[in-house]
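# Structural characterization, general
Each chain is listed here by its residues.
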Amino acid sequence: MADGRLADPPPASGRGNPREELELEDYGPRLRLSRRGIVVLGALGATVLGVLAWLVFYSSVLDVRSVAVQGVSDDRLTADQVRAAVGELGDGPLAQVDLADVTRRVEAIPRVAGAEVWRGWPHTLQVKITQRQAVAAVKGEDGRFTQVDAAGVSFATEAAAPEGVPVVELRLSQPARDVEPVINRAQLVQGAVAVAAGLPAEVRQRAGAVLVHSYDDIQLQLAGGATVHWGSPEQIDRKARVLVALLHQKGTNFDVSAPEAPAVSG
């Protein structure tokens, strides 16, 4: 170094500057889809979706092969009756079944209080029903018994009343007959059914009959011969609570027609 200046250091051996290499890599070749490739992939995806839709909605691959019924508890309403109500709506692809329409058909069965319907993939239509439960059996003039549920819906008429269900019977007094244009028989029966529905289970099982003499004169005939003077179909909950307490006392006549002043005799 004759001129007294330091010489530039020699270039480092091996790899170059990492920053420079990164910059070089940024400009490397990239995979790009051509417009034709995008069109091909889009068409392929649409074809796959179309095939799947056809398989689900139109082919027989996912057809309904069975209708499973839940909630049938006795021979008064059978699973076959429910399937008959579903009918042709339960045929064809499962995805095409109109669940709301099937529900309406099943709920049109008199003994059905409500229904749930859903798809059980891959081949089953699921139907779950809630049956109506009789709280009273209304004795008609022909001697047959019409079963009524807690909502006041009549759903079956048979030659005999169900076991453990109180029988509602009209034994109208003359005053009640005189005011029949004002309070008709249907209203009297409705009131008696409301009384039966409001009885606690332990009382309802003992109540053999609900006798209607007039709107204000309803009586319960209990097992063992005891009589309950219920009065009108008002304050049902309060009268029921008072009656439960009274039944712990000895007697054959229980009066809850005025629940604030109940009485026991006999």
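The rules behind the values
- Residues numbered from 1 in each chain as written.
- Predicted model: local features only at pLDDT ≥ 70, side-chain atom pairs only at ≥ 80, totals over all residues.
- Heavy atoms only, no water.
- Salt bridge = Lys/Arg side-chain N within 4 Å of Asp/Glu carboxyl O.
- Helix = DSSP H or I, 4+ residues; strand = E, 2+ residues; numbered from the N terminus.
- Buried < 20%, exposed > 50% of the residue type's maximum accessible area, 1.4 Å probe, protein only.
- Pairing = 2+ DSSP bridges.
- Right-handed = clockwise from strand over helix to strand, strands pointing away.
- Polar contact = N/O pair within 3.5 Å; in protein donor to acceptor, adjacent residues only side chain to side chain.
- Contact = heavy atoms within 4.5 Å.
- Axes fitted to C-alpha atoms, helices over the stretch in contact; angles between N-to-C directions.
- Core = buried A, V, L, I, M, F, W, Y, C linked by side-chain atoms within 4.5 Å.

In this structure the tally under the stated criterion is 9 salt bridges. Residues Asp-149 and Arg-132 are paired through a salt bridge, measuring 2.8 Å at the closest nitrogen-oxygen approach. Taken together, the residues span a long stretch of sequence, with Asp-149 in strand E5 (residues 145–149) and Arg-132 in the loop between strand E3 (124–131) and strand E4 (134–139) at a distance of 17 residues. The pair Asp-149 / Arg-132 is uniform in exposure class, with both members buried.

Moving on, we get to the pairing of strand E10 (residues 227–231). Of all 5 residues that make up E10, 4 are buried, and the element is covered over most of its length. Summarising the sheet, strand E9 (residues 217–222) and E10 pair through 4 bridges and their orientation is antiparallel. Considered in E10, the bridge of Leu-220 is made with Val-228. Linking two consecutive strands that pair antiparallel, namely E9 and E10, is a turn of 4 residues; a positive phi of about 100° is found at Gly-224 within it. Here E10 pairs with strand E11 (residues 253–255) via 3 bridges, running parallel. Residue pairing in the sheet places Thr-227 in a bridge with Asn-253 of E11. A crossover links E10 with its parallel partner E11, the connecting element being helix H8 (residues 236–246), and its sense is left-handed.

Strand direction decides the pairing type here: strand E2 (residues 112–120) and E3, joined by 8 bridges, are antiparallel. Its bridge partner being in E3, Arg-119 is matched across the sheet by Leu-125. Two successive antiparallel strands, E2 and E3, enclose a turn made up of 3 residues.

Here we come to the side chain of Arg-111. Residue position: Arg-111 is located in the loop between helix H4 (99–107) and E2. At 2.9 Å, the side chain of Arg-111 forms a polar contact with the side chain of Glu-158. Apart from residues lying up to four places away in sequence, Arg-111 is in contact with Arg-76, Leu-77, Thr-130, Gln-131, Arg-132, Gln-147, Phe-155, Ala-156 and Glu-158.

All right, on to the environment of Ala-223 then. Here Ala-223 is to be found in the loop between E9 and E10. Note: C-alpha distance between Ala-223 and Arg-206 (17 residues apart in sequence) is 5.1 Å.

On to the sheet that holds strand E12 (residues 263–265), then. Here we have 9 strands laid out as an open sheet, ordered E6-E5-E4-E7-E8-E9-E10-E11-E12, and mixed in their pairing. Looking at the sheet topology across the chains shown, the edges are occupied by strand E6 (154–158) and E12. With strand direction ignored, the average angle separating the axes of adjacent strands in the sheet is 25°. Direction of pairing for E4 relative to strand E7 (residues 167–170): parallel, over a ladder of 2 bridges. Within E7, the residue paired with Ala-137 across the bridge is Val-167.

Once that is clear, we can look at the sheet that holds strand E1 (residues 66–70). In a beta sheet, neighbouring strands pair by backbone hydrogen bonds and run either parallel or antiparallel. As summarised here, the arrangement of the 3 strands in space is E1-E3-E2, forming an open sheet in which the pairing is mixed. Pairing within the sheet leaves two strands with one partner each, and these edge strands are E1 and E2. Neighbour-to-neighbour, the strand axes of this sheet turn through a mean angle of 20°, independent of strand direction. The strands touched by helix H3 (residues 79–86) are E1 and E3; relative to E1, the strand with the most contacts, the crossing angle is about 130°. Against the sheet, H4 contacts E2 and E3, and its axis sits at roughly 150° relative to E2.

This part takes up the side chain of Ser-232. Position of Ser-232 relative to the elements: it lies in the loop between E10 and H8. For Ser-232, a relative accessible area of 11% puts it in the buried group. Not counting the four nearest positions on each side in its chain, Ser-232 is found in contact with Tyr-215, Asp-216, Ile-218 and Lys-239.

By size, the foremost hydrophobic cluster in this structure holds 32 residues, and its most contacted members are Val-168, Val-193, Leu-220, Val-228, Trp-230 and Leu-243. At the level of elements, E4, helix H6 (185–198), strand E8 (207–214), E9, E10 and H8 are the ones that each hand at least two residues to this core. Ranked by residues supplied to this core, first place goes to H6 with 6 residues. In terms of nonpolar packing, the next biggest core, distinct from the first, is built from 19 residues, Val-64, Val-67, Ala-115 and Ile-129 among them.

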